[in-house]
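Residue-level structure breakdown
One-letter residues, chain by chain:
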Amino acid sequence: QVQLGESGGGLVQPGGSLRLSCAASGSFVGINSMGWYRQAPGKQRELVVFITTGGHTTYADSVKDRFTISRDSDKKTVYLQMNSLKSEDTAVYYCYASVLHTGSSLFSDYWGQGTQVTVSP
């Protein structure tokens, strides 16, 4: 199986910055993509950003030019640098990974436990 270890959430004032990290470990032969979703109270989970194995990134319009995804050279750890944070960024942020297991031709999705980001004065 695959484990996703998240860290970096917390409380920050509007305009501040936070950096989230997510490390994938376990048994898999490759990662198709990794990224972040978020869910605010009373709202559906929404995509924040993802990065493919080839390095292509897709950002939600609401975070473009403020958030940046990056990863380690082994492509098993991703980071989310969040700048110019707004109150509407308050949510639980979930890391996800789409991985390929040995002997399978299909990708399987895994989720982290979630980390709270609160933007408040």
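For the structure, see preceding data.
First, a word on scope: everything that follows refers to the structure included in this document.

Cut-offs applied
Along each chain, the written sequence defines residue order, and numbers are assigned to residues from 1. For a predicted model such as this one, the threshold for reporting local features is a pLDDT of at least 70, and the threshold for listing and counting side-chain atom pairs is 80 or more; totals across whole chains, interfaces and linings nevertheless cover every residue. Side-chain measures here rest on the full set of heavy atoms in the structure, leaving out hydrogens and waters. Numbered from the N terminus, helices here are DSSP runs of H or I no shorter than four residues, and strands are runs of E no shorter than two. With C-alpha atoms as the basis for the radius of gyration, the globule rule is written as 2.2 Å multiplied by the number of residues raised to the power 0.38. With a 1.4 Å probe rolled over the protein chains alone, any residue whose accessible area is under 20% of its type maximum counts as buried; one over 50% counts as exposed, and the rest are partly exposed. Throughout, a residue-residue contact means that at least one pair of heavy atoms, one from each residue, lies within 4.5 Å. Calculation of accessible area relied on Shrake-Rupley with a 1.4 Å probe; when residues are assessed, cover is drawn exclusively from the protein chains displayed. Any Lys or Arg side-chain nitrogen found within 4 Å of a carboxyl oxygen on Asp or Glu counts as a salt bridge. Criterion for a disulfide: a pair of cysteine sulfur atoms at a distance within 2.5 Å. Geometry of aromatic contacts follows a simple scheme: Phe, Tyr and Trp rings, the Trp one being its six-membered ring, pair when their centres are within 6.5 Å, and the pair is stacked under 30 degrees between planes, edge-to-face over 60, tilted otherwise.

1. A look at the overall build of the protein chain
Broken down by element type, the protein chain carries 0 helices and 11 strands. Counting from the amino terminus, the protein chain carries its helices and strands in the arrangement β-β-β-β-β-β-β-β-β-β-β. Against the globule reference of 14 Å for 121 residues, the protein chain gives a C-alpha radius of gyration of 14 Å, in line with a compact fold. A principal-axis box enclosing the C-alpha atoms of the protein chain has dimensions of 50 × 25 × 20 Å. Taken over 121 residues, the protein chain has a buried fraction of 41%. Put simply, of all contacts in the protein chain between residues at least 6 apart along the chain, 55% involve residues at least 24 apart. Surface summary for the protein chain: the accessible area is close to 6,300 Å², and the carbon and sulfur share equals 48%.

2. A few points about the pattern of salt bridges
Within the structure shown, the criterion is met by 4 salt bridges. Of the charged contacts, one joins E46 and R38 as a salt bridge, the two residues approaching to 2.7 Å between their closest N and O atoms. Its relative accessible area of 35% is what places E46 among the partly exposed residues. Close ionic contact of D61 with K64 constitutes a salt bridge, the shortest N to O distance being 3.2 Å. Look at D61 and you get exposed, because its relative accessible area is 65%.

3. Section: the state of the cysteines
All chains considered together, the criterion is met by 1 disulfide. Disulfide pairing is shown between C22 and C95; the S-S distance is 2.0 Å. Looking along the S-S bond of the C22-C95 disulfide, the torsion reads about -80 degrees, which is the left-handed sense. Highlighted residues: C22 in strand β3 (residues 18–26) and C95 in strand β9 (residues 91–100), separated in sequence by 73 residues.

4. Topic: the packing of aromatic side chains
To describe a pair of aromatic rings, you give the distance between the ring centres and the angle between the ring planes. With the rule as written, the count across this model stands at 3 aromatic pairs. Centre to centre, the rings of Y37 and Y96 are 5.6 Å apart; their planes meet at 80 degrees, and the pair counts as edge-to-face. Linking Y37 in strand β4 (residues 30–39) with Y96 in strand β9, this pair joins segments that are 59 residues apart in sequence. Look at Y37 and you get partly exposed, because its relative accessible area is 24%. Summarising the aromatic geometry, the rings of Y37 and W111 are spaced 5.1 Å apart at their centres and angled 70 degrees between planes, so their arrangement reads as edge-to-face.

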